[in-house]
Amino acid sequence: MEVQSKKVNASPTKGFFIYMLTRDIDVRPAIVELIDNSIDGAKKIRKNKEYKGLFIKINMSQDRFIIEDNCGGIDIETAQKYAFQFGRSSDRESDSSGYFTGIFGIGMKRALFKLGKKFEVISKTSTEYFDLKVDVDDWINKPEWEFEFDKVETGMNNDETGTKIVVEKLNADIVSKFESELFINSLIDYIQKYRTVEAENGLDIEVNNIAVDYGKEKLLKSKDIQPYEKQIIDDSGKITIIAGITNKGEPNKAGWYIYCNGRLVVYADKTELTGWGIENRAFHYSLAEFRGYVYFESQNLLELPWNTTKTGIDTSNRLYVIARQSMSEAMKQVIKVIDEAKRKHDVSNLDELDFVKKAGKTELNHSTIANISENKDFNITEVEPEIPMVRISFSKPLNEVERVKENMGERTNKAVGEKLFEYYCEMEGI
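Computed from a predicted structure; not experimentally measured.

K.L.:
Give me the sheet that holds strand β6 (residues 162–170): which residues, what numbers.
P.N.:
The strand order β5-β4-β3-β6-β2-β1-β7-β8 describes an open sheet built from 8 strands, whose pairing is mixed. Of all strands in the sheet, those with a lone pairing partner are β5 (149–153) and β8 (210–211), marking the two edges. Where strand β3 (residues 116–124) and strand β4 (residues 129–135) come together, 7 bridges link them in antiparallel fashion. Across the sheet, the residue bridging to S123 is F130, located in β4. Strands β2 (64–69), β3 and β6 of the sheet are contacted by helix α4 (residues 107–115), whose axis makes an angle of about 135° with β3. Its contacts with the sheet place helix α7 (residues 181–194) against β1 (55–60), β7 (204–207) and β8, and it is angled at close to 165° to β7.

K.L.:
Give a detailed account of the pattern of salt bridges, specifying residues and quantitative values.
P.N.:
Pairs may arise between side chains of opposite charge once their charged atoms sit close together. Inspection of every chain in the model, using the stated rule, returns 20 salt bridges. Where R28 meets D26, a salt bridge forms, and the shortest distance between an N and an O atom there is 3.1 Å. The class of R28 is partly exposed, set by a relative accessible area of 27%. For D137, the salt bridge goes to K169, with nearest N and O atoms at 3.7 Å. Of this pair, D137 sits in helix α5 (residues 136–140) while K169 sits in strand β6, and the two are 32 residues apart along the sequence. The exposure class assigned to K169 is partly exposed, which follows from its relative accessible area of 41%. Residues participating in the shared-partner salt-bridge network are D135, D137 and K169.

K.L.:
Can you break down α4 residue by residue, with the values?
P.N.:
Of all 9 residues in α4, 9 are buried, a share of seventy percent or more. Listed in full, the buried residues belonging to α4 are G107, M108, K109, R110, A111, L112, F113, K114 and L115.

K.L.:
Explain the sheet that holds strand β11 (residues 228–234) to me, using residue names and the numbers behind them.
P.N.:
One open sheet holds the 5 strands; their spatial order is β11-β12-β15-β13-β14, and the pairing between them is mixed. Each edge of the sheet is formed by a strand with only one pairing partner; in this case those strands are β11 and β14 (263–269). Each strand of the sheet is rotated relative to its neighbour by a mean of 10°, with strand direction disregarded. Across 4 bridges, strand β13 (residues 255–260) lies against β14 in antiparallel orientation. Note that in β14 the partner of C260 across the bridge is R263.

K.L.:
Any details on the nonpolar core? Residues and values, ideally.
P.N.:
If you look at the biggest cluster of nonpolar residues, it comprises 64 residues, and the most contacted ones within it are F65, F119 and I191. Element by element, the count of residues in this core is highest for helix α2 (residues 27–45), at 8 residues. Those residues in contact with F119 that sit more than four places away from it in its chain are L112, F113, L132, K133, V134, V136, F147, V166 and V167. Formed by 40 residues, the second largest nonpolar core is a distinct cluster that contains M327, V334, V347 and L350.

K.L.:
Account for the packing of α2 against α4, naming residues and giving values.
P.N.:
At a minimum axis separation of 9 Å, α2 and α4 run at an interaxial angle of 135°. In terms of orientation, α2 and α4 fall into the oblique class. In this structure, the crossing between α2 and α4 has a hand that is left-handed. Along the contact surface, α2 presents V27, A30, I31, E33, L34 and N37, while α4 presents G107, M108, R110, A111, L112, K114 and L115. Of the residues belonging to the contact of α2 with α4, the class tally is 8 nonpolar, 2 polar and 3 charged.

Quick notes on the rules
Residues numbered from 1 in each chain as written. Predicted model: local features only at pLDDT ≥ 70, side-chain atom pairs only at ≥ 80, totals over all residues. Heavy atoms only, no water. Pairing = 2+ DSSP bridges. Helix = DSSP H or I, 4+ residues; strand = E, 2+ residues; numbered from the N terminus. Contact = heavy atoms within 4.5 Å. Axes fitted to C-alpha atoms, helices over the stretch in contact; angles between N-to-C directions. Salt bridge = Lys/Arg side-chain N within 4 Å of Asp/Glu carboxyl O. Buried < 20%, exposed > 50% of the residue type's maximum accessible area, 1.4 Å probe, protein only. Core = buried A, V, L, I, M, F, W, Y, C linked by side-chain atoms within 4.5 Å. Parallel < 35°, antiparallel > 145°, perpendicular 65-115°, else oblique. Left-handed = near helix turned anticlockwise from the far one by under 90°. Nonpolar A, V, L, I, M, F, W, Y, C, P; charged D, E, K, R; others polar.

Have a look at this one:
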């Protein structure tokens, strides 16, 4: 008997597709994917990267999740052809006006499926409006993969623009998270870490009416202290590397920070990923002042070294391989200076030193980064040339030492010993 058809069904089932799409991403980076969509909208309407007046508001409860913004909205053509398509279309042209973050075309859909079984997307541009509602359980049982607008309007004259997404019928594990104050705080902390660049330029983000507060990281810079700065221009994109020291020795914040098109992908890394224990020695708390920043920028998103969830680095990526050589160079310079400064002055924290206290602090933001015009080695001129030092140690009765401290107005045994030594040299004229 002859087989009537030679075709073999290889199409995915929707349920399995959703399971595979959402299984390997935590809810916090999933929510940040939705924030990224709003930020990309902000970049399109504010090409000067000044975002004052723009906002992203997130509200969540055991019943629903809502994210809304005033960042320009999604036009109908983009919604029909690209925004809800599963995967980035090969015929979608890159927007040369800025560096965006939507790489594979799955971020928003993955986040919505991760959160719940029912969602609504309402968007308004200056001339258009649409409302799209999806019941995931109903959609799964239909053969078609398309969604359908509930309402569409064109030819409008809207003063206010933006997008609002409402997710209901939340998944059980999501409900338990949204009921937890601990999770809400961890989400705020996560957003603070991973979405700082735009906030520095005025974009407001709120979670359950709590404004996300951004503390800018600062590197010491003065005539004595110059951070390492290097910029590499490649056909695939641009790499900017900045490394130096802070005046606060916080081991949990020490390490490398890696950004792709403004999205923080790696936070305070101190592992072999960024060269610790390979090109340089393993991280130790004595290097708590070290900070390194790598900024990858490209209009071709596939050239950037991030993974599909934007939570890690592809170490085989060409741009990352190029950057690693300069990162290693920067580490060697900064680590050497930290070691020499602490050994020379016999301190455990650099913030004890006068030349560190007097140094200015360079805030890290994109305007600073974009102005780097030449490569600069890291240097602290104050610690060169190194003077051989020895330690003097002796013991005296505690009550006598305390009386001397009080009389001198000093708080530490080290300071008492130094003053006694200086006093002897002065009195003896040596």
